[in-house]
Amino acid sequence: MSTVNGKYVCLDIDGVVLNLMQGIHLYLEPFGYNFDIDGIKAYNFKYDTLGFDRKIIFEALGNVKSFELAPFYDGAVDAVKKLQNFVTVKSYTKISEEPAIYQRRKKLLESLKLKGKPITAPSKPVDFSADALFDDCLDVHQQWIEQGSKAKLFLIDRPYNQKTNENIGSLDWSRIVRCKNLEEAVDFYVSGLIWG
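Residues numbered from 1 in each chain as written. Predicted model: local features only at pLDDT ≥ 70, side-chain atom pairs only at ≥ 80, totals over all residues. Heavy atoms only, no water.

**Overview of the overall build of the protein chain**
Within the protein chain, the regular secondary structure consists of seven helices and five strands. Helices and strands in the protein chain line up, N terminus first, as β-α-α-α-α-β-α-β-α-β-β-α. Computed over the C-alpha atoms, the radius of gyration of the protein chain is 17 Å, within 12% of the 16 Å expected from 2.2 N^0.38 for a compact globule of 196 residues. Considered along the principal axes of its C-alpha atoms, the protein chain spans approximately 50 × 40 × 30 Å. (Helix = DSSP H or I, 4+ residues; strand = E, 2+ residues; numbered from the N terminus. Rg over C-alpha atoms; globule rule 2.2 N^0.38 Å.)

Right under this line is the structure:
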């Protein structure tokens, strides 16, 4: 099957394809830290639910071992391949400039046959030509909405991106399709291409 001519989508990696939180958990465990992934209430770990200073998480994010230990989410690689049968899939992942981490991510993108390179800028730019966005970060979805993107927005459900009293008015929730995983998001998107 060939891709829809000219259409492409943006695909985040961490929290969508790769379970980086599990990688951090496995990295911190030998140091005596119990990083409870289900207890994360915010994408940047700003709420005091960790039981330890969040600086420890950021230090773990600076160590390539966290990335090496991170497993793929069940079904995520197959979902990427399915998506690639219909549209071009562009990498939309922000990563450290630290050479070992950057190279590891670059190789992952190549192995998944994604277009583009890892983003090292302070924030991810909105891609106004993308037909859809698959991401787990509420702030990214908010940015795309506020800057006027017309893309279909798929939010991959994670403990840290729930609709709460603190963020209920922060973005247009009617624009966002919350999906339990990438497989479900791809199925929704592809069915729209076929029947839409």
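**Comments concerning the pairing of strand β2 (residues 88-91)**
Each regular strand displays side chains that alternate between the two surfaces of the sheet. Residue alternation in β2 divides its side chains into a buried set, Val89 and Ser91, and an unburied set, Thr88 and Lys90. Judged from the four bridges that link them, strand β1 (residues 8-11) and β2 form a sheet pairing that is parallel. Within β2, the residue paired with cysteine 10 across the bridge is lysine 90. (Buried < 20%, exposed > 50% of the residue type's maximum accessible area, 1.4 Å probe, protein only. Pairing = 2+ DSSP bridges.)

**A short note on the packing of aromatic side chains**
Applying the stated criterion across every chain, the model contains six aromatic pairs. When the centroid spacing of 5.9 Å and the interplanar angle of 85 degrees are considered together, the rings of phenylalanine 134 and tyrosine 189 count as edge-to-face. Placement of the pair is phenylalanine 134 in strand β3 (residues 132-135) and tyrosine 189 in helix α7 (residues 182-195), with a sequence separation of 55 residues. In this structure phenylalanine 134 comes out as buried when scored by relative accessible area, which is 0%. On the basis of relative accessible area, tyrosine 189 is assigned to the buried category, the value being 2%. Taken together, a centroid distance of 6.1 Å and an interplanar angle of 85 degrees make the contact between phenylalanine 154 and tyrosine 189 edge-to-face. Of this pair, phenylalanine 154 sits in strand β4 (residues 152-156) while tyrosine 189 sits in helix α7, and the two are 35 residues apart along the sequence. Owing to a relative accessible area of 4%, phenylalanine 154 belongs among the buried residues under this scheme. Members of the aromatic cluster, connected to one another through ring pairs, are Phe134, Phe154 and Tyr189. A cation over an aromatic ring shows up here: arginine 158 above the ring of tyrosine 73, its NZ or CZ 4.0 Å from the ring centre. (Phe/Tyr/Trp six-rings, centres within 6.5 Å; stacked < 30°, edge-to-face > 60°. Lys NZ or Arg CZ within 6 Å of the ring centre and 35° of its normal.)

**Things to note about helix α6 (residues 138-146)**
Summarising burial for α6: seven of the nine residues are buried, a large majority. Every buried residue belonging to α6 is among Leu138, Val140, His141, Gln142, Gln143, Trp144 and Ile145, and all of these are buried. Summarising the contacts, the buried residues of α6 are in contact with β1, β3, β4 and β5 (176-179). (Contact = heavy atoms within 4.5 Å.)

**A few points about the nonpolar core**
Counting residues in hydrophobic clusters, the biggest one holds 49 residues, and the most contacted among them are Leu11, Val17, Leu28, Phe35, Phe134, Leu182 and Tyr189. Ile119, Ala130, Val140 and Leu155 belong to the second-largest nonpolar core, a separate cluster that totals 18 residues. (Core = buried A, V, L, I, M, F, W, Y, C linked by side-chain atoms within 4.5 Å.)

**With respect to the sheet that holds β5**
The strands that make up a sheet are held in pairs by hydrogen bonds between backbone atoms, and each pair lies either parallel or antiparallel. Taking strand neighbours across the sheet as the criterion, the five strands line up as β2-β1-β3-β4-β5 in an open arrangement whose pairing is parallel. Of all the strands in the sheet, just β2 and β5 have a single pairing partner and so form its edges. The mean angle between the axes of side-by-side strands here comes to 25 degrees, regardless of whether they run parallel or antiparallel. The sheet contact formed by β3 and β4 spans four bridges and is parallel. Its bridge partner being in β4, aspartate 135 is matched across the sheet by leucine 155. (Axes fitted to C-alpha atoms, helices over the stretch in contact; angles between N-to-C directions.)

Just distances and angles here, no functional claims.
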